[in-house]
Amino acid sequence: MCGIIGYIGSKKASTILLKGLKNLEYRGYDSAGIATNHATGHIEVRKSVGKIEEIARRLNFESFEGNIGIAHTRWATHGAVTDENAHPHTDCEGKIAIVHNGIIENYRELREQLISKGHRFTSDTDSEVIAHLIEENLQYGFEDACMKAFDSLEGSYAVLALKEDEDKIVGARKDSPLVLGIAEHGVFLASDIPSFLEWTNKVVYLNNYDFIIAERGGVKVYNDGKEVSRHIDTVEWNVEEAKKGEFKHFMMKEMSEQAETIMRALQQDKNTVWDIVDEIKNAFGVFFVGCGSSYHACLAGSYLFSKVAKVHVNAVLASEFENYEHFLTDRTLVFAVSQSGETADILLAVRAAKRKESRVIGITNVVGSSLTMEGHALIMMNSGPEICVLSTKTYTSQVVLMTMLAYAVAGKYEDGLEKIGGLYLEVYNLTSRTMRDSLTTLAEILCDKWDIYLIGRGLQYTTALEAALKIKEVSYLHAEAFAGGELKHGPLALIEEGTPCIVFVSSENRSKILSNAEEVKSRGGYIIGVSSEQDDLFDFWIKVPEAEELNPIVQIIPMQVLAYELAVLRGLDPDKPRNLAKSVTVI
Ligand code: M6R
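So, here's what we can say about the structure.

Cut-offs used in this document
Residues numbered from 1 in each chain as written. Predicted model: local features only at pLDDT ≥ 70, side-chain atom pairs only at ≥ 80, totals over all residues. Heavy atoms only, no water. Phe/Tyr/Trp six-rings, centres within 6.5 Å; stacked < 30°, edge-to-face > 60°. Helix = DSSP H or I, 4+ residues; strand = E, 2+ residues; numbered from the N terminus. Buried < 20%, exposed > 50% of the residue type's maximum accessible area, 1.4 Å probe, protein only. Lys NZ or Arg CZ within 6 Å of the ring centre and 35° of its normal. Pairing = 2+ DSSP bridges. Contact = heavy atoms within 4.5 Å. Axes fitted to C-alpha atoms, helices over the stretch in contact; angles between N-to-C directions. 1 Å grid on protein atoms, 1.4 Å probe; cavity = no way out; pocket = protein on both sides within 12 Å on 5 of 7 lines; lining within 4 Å. Points joined across faces, edges and corners; volume = space filled by probe spheres on them. Nonpolar A, V, L, I, M, F, W, Y, C, P; charged D, E, K, R; others polar. Near = heavy atom within 4 Å. Polar contact = N/O pair within 3.5 Å; in protein donor to acceptor, adjacent residues only side chain to side chain. Domains from an automatic or database assignment.

## Overview of the packing of aromatic side chains
Now for step 1: For the structure shown, the criterion picks out 14 aromatic pairs.
Now for step 2: Ring geometry for Tyr7 versus Phe188: centroids 5.1 Å apart, planes at 45°, classification tilted. Linking Tyr7 in strand 1 (residues 3-9) with Phe188 in strand 10 (residues 186-190), this pair joins segments that are 181 residues apart in sequence. There is no split in this pair, since Tyr7 and Phe188 are both buried.
Now for step 3: Considering the side-chain rings of Phe287 and Tyr324, the 6.1 Å spacing of their centres and the 70° angle between planes classify their relative orientation as edge-to-face. You can see Phe287 sitting in strand 16 (residues 286-290) and its partner Tyr324 sitting in the loop between strand 17 (314-317) and strand 18 (333-338), a full 37 residues away along the chain.
Now for step 4: Owing to a relative accessible area of 31%, Tyr324 belongs among the partly exposed residues under this scheme.
Now for step 5: Here the aromatic cluster, defined as three or more aromatic residues joined through ring pairs, consists of Tyr7, Phe188, Phe196 and Trp199.
Now for step 6: One residue, Arg46, lies across the ring of Phe64, its end atom 4.3 Å from the ring centre.

So this is what it looks like as structure tokens:
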């Protein structure tokens with residue numbers, strides 16, 4: 001939920017760290033800070049509450065000296081959003097500084113033990129214990145003190161530490177992401193690749209329990225006390241993909257990329273697809289597991305598998321997966337679906353499945369993420385970096401992958417590819433200026449409403465759920481989705497004069513869903529139709545192509561744009577909604 005980055009090299013650390021922090025801001029953005037090992041050998045820390053740009057100006061980050069440093073952007077878990085709770089944290093003497101992403105589960109006991117030994121704490125965070133633990137063990141030397149400190153931590157961590165007069169960064173990871181970037185002028189240790197992509201695309205994916213010593217002369221990695229060698233990979237992502245370019249916000253940029261990203265999702269190794277198809281056919285129980293938008297993609301997948309492949313799969317929220325554990329056997333197949341590949345609930349579900357010897361296939365977008373290392377097999381989404389906290393292009397890629405797999409299981413792989421490939425222009429047009437203007441008009445109508453309801457049937461119900469999530473997380477308006485048939489079982493009581501209701505129509509269920517819309521209209525509801533054909537019932541019409549089982553793709557894109565326009569009209573930052581973070585690494 002937080003982002004960390006460290007740099008050691010020949011360039012000015014603060015300039016590099018500040019850029020890195022801006023690229024990491026999507027991971028958490030309530031406070032931030034930097035510590036550098038000053039040219040004169042002492043540690044200097046500046047940190048505060050607020051947005052990085054503004055903190056950097058106020059605390060004059062650029063004026064930091066030194067070319068070794070660590071930095072952090074925070075999404076609060078333990079302790080309020082205050083200057084004291086911002087990272088980096090230091091020991092009693094201010095000689096050691098650390099940044100941490102993760103959760104230290106045994107921090108209370110550790111803190112009490114350290115206080116009884118005379119340590120003075122200045123924050124309410126779980127992370128501060130790490131600095132004091134290192135201090136407590138300093139008689140063994142900095143590196144061993146770090147190793148001993150990290151060994152006593154329970155929970156998850158990616159941690160970086162600096163000490164005055166030590167020309168190095170010491171780091172470690174357990175169940176939180178940490179990647180190494182190798183540039184000609186220095187070395188990076190960071191939560192993700194885009195944070196340092198501007199300087200290098202040479203990366204090393206670190207394993208759980210890796211302990212790293214980064215010095216000017218090179219990097220050493222240890223695991224289980226022994227030095228290990230790790231492979232250097234070259235990533236394909238380019239810097240432009242991780243920048244806003246001509247767009248005002250990443251959200252708009254990423255929505256506009258969908259014609260391309262959908263095609264990239266289709267670029268899978270055929271043999272891998274066939275192997276997965278065999279696994280699905282031979283499995284005794286298939287689960288699609290995800291959180292938030294990824295869960296909605298799983299749900300769409302379960303409808304698609306029923307419709308196209310005639311195969312039963314269970315879509316389950318990762319946070320609820322433990323309730324299904326007794327159904328898992330060595331013949332169960334679990335698809336773990338996660339854009340970031342770091343979502344704590346997903347990783348717990350993966351581990352639960354592996355304990356029962358079930359097969360796990362990860363579907364993720366982030367190269368080198370924990371999910372890429374923990375599953376038995378892998379499908380990459382190939383969407384490129386998604387910086388906005390909201391999933392947009394990665395959601396449609398997940399739905400594309402589900403559709404492609406359903407077609408492959410049905411023995412119609414090539415048909416599926418052709419059908420999805422045929423969507424390119426349609427998808428491109430869904431974020432066109434004309435479409436955006438129409439959705440801005442609708443956003444003006446909706447932006448002062450208290451509640452927005454959304455209804456659909458079958459696949460369109462899953463789109464209604466995802467559209468409601470998009471609207472609420474970015475515009476803070478209450479948006480709630482129902483299956484059309486459920487209205488009369490309670491939700492109709494909510495409809496008043498002018499209550500907006502967005503209705504997702506497909507040729508297959510047109511008459512049924514329009515009859516549900518009629519129920520809303522006759523109680524004063526304002527009907528917004530998302531369909532290929534106009535209808536007298538509609539007070540507002542969003543025209544989309546009829547794409548049958550691909551409707552979840554073409555119908556969600558205008559809803560993403562609507563959510564964006566609502567946020568902009570309400571003066572909100574679509575890329576960084578309040579209280580949310582891109583990678584949810586806590587349960
Ligand atoms: O990285 P993941 O796909 O595992 O993330 C799951 C959810 O946290 C994510 O989809 C979240 O709901 C987004 N904010 C949706 O826009």
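## Concerning the sheet that holds strand 13 (residues 218-223)
Now for step 1: With respect to topology, seven strands assemble into an open sheet ordered 5-6-7-8-12-13-14, the strand pairing being antiparallel. In this open sheet, the two strands that pair with only one neighbour each are strand 5 (89-90) and strand 14 (226-228).
Now for step 2: Sheet analysis places strand 5 next to strand 6 (residues 96-104), joined by two bridges and oriented antiparallel. Paired with His89 across the strands is Ile98, a residue of strand 6.
Now for step 3: Across the face of the sheet, helix 4 (residues 128-136) comes into contact with strand 5, strand 6 and strand 7 (155-163) while running at roughly 130° to strand 6.

## So, the environment of Lys543
Now for step 1: As for its position among the elements, Lys543 is in strand 25 (residues 540-543).
Now for step 2: Residue classification places Lys543 among the exposed residues on the basis of a relative accessible area of 53%.
Now for step 3: Residues Lys543 and Ser531, twelve residues apart in the sequence, show an inter-C-alpha distance of 5.5 Å.
Now for step 4: Once residues lying within four places of it in the same chain are set aside, the contact partners of Lys543 are Met435, Ser531 and Ser532.

## With respect to the sheet that holds strand 11 (residues 202-205)
Now for step 1: Pairing is antiparallel across the open sheet formed by eight strands, whose spatial order is 3-2-4-1-10-9-11-15. What marks the edges here is a single partner per strand, and that holds for strand 3 (43-49) and strand 15 (233-234).
Now for step 2: Judged from the four bridges that link them, strand 9 (residues 179-182) and strand 10 form a sheet pairing that is antiparallel. Counterpart to Ile182 in the pairing with strand 10 is Val187.

## Re empty space enclosed by the protein
Now for step 1: Overall, the coordinates contain three cavities of 30 Å³ or more when judged by the stated rule.
Now for step 2: In this structure, the largest cavity spans a volume of roughly 230 Å³.
Now for step 3: Lining the largest cavity we find 24 residues, and of these Tyr26, Arg27, Asp192, Pro194 and Val366 sit closest to its centre.
Now for step 4: Across the lining of the largest cavity, the residue classes break down as eleven nonpolar, eight polar and five charged.
Now for step 5: Quantified by volume, the second largest cavity comes out at close to 100 Å³.
Now for step 6: Along the walls of the second largest cavity sit 17 residues, with Cys2, Thr77, Gly102, Asp126 and Ser127 positioned nearest its centre.
Now for step 7: Elements that contribute at least two residues to the lining of the second largest cavity include exactly strand 4 (68-74) and strand 6.
Now for step 8: Here the lining of the second largest cavity gets four residues from one element, more than from any other, and that element is strand 6.
Now for step 9: Taken together, the residues that form the lining of the second largest cavity break down as five nonpolar, ten polar and two charged.

## Regarding the site of the ligand
Now for step 1: Around the ligand, the structure places 15 residues, and the nearest of them are Ser294, Ser338, Ser340, Thr343 and Glu473.
Now for step 2: Gln339 places a polar main-chain atom, nitrogen or oxygen, 2.7 Å from an oxygen atom of the ligand.
Now for step 3: Within the backbone of Ser391, an N or O atom sits 2.9 Å from an oxygen atom of the ligand.
Now for step 4: Listing elements by their share of the shell around the ligand, those giving two or more residues are helix 9 (292-309) and helix 16 (459-475).
Now for step 5: Of the residues contributing to the shell around the ligand, the split by class is five nonpolar, eight polar and two charged.
Now for step 6: Composition of the shell around the ligand by domain shows at least three residues from each of domain 2 (244-422) and domain 3 (437-587).

## A closer look at the side chain of Gln555
Now for step 1: Summarising the element assignment, Gln555 is placed in helix 18 (residues 551-569).
Now for step 2: Judged by relative accessible area, Gln555 falls into the buried class, the value being 0%.
Now for step 3: A distance of 2.9 Å separates a polar side-chain atom of Gln555 from the backbone oxygen of Val505.
Now for step 4: Residue contacts for Gln555: discarding those within four places in its chain leaves Gln460, Thr463, Phe504, Val505, Val530 and Val544.

Shape is all these values report; function is a separate question.
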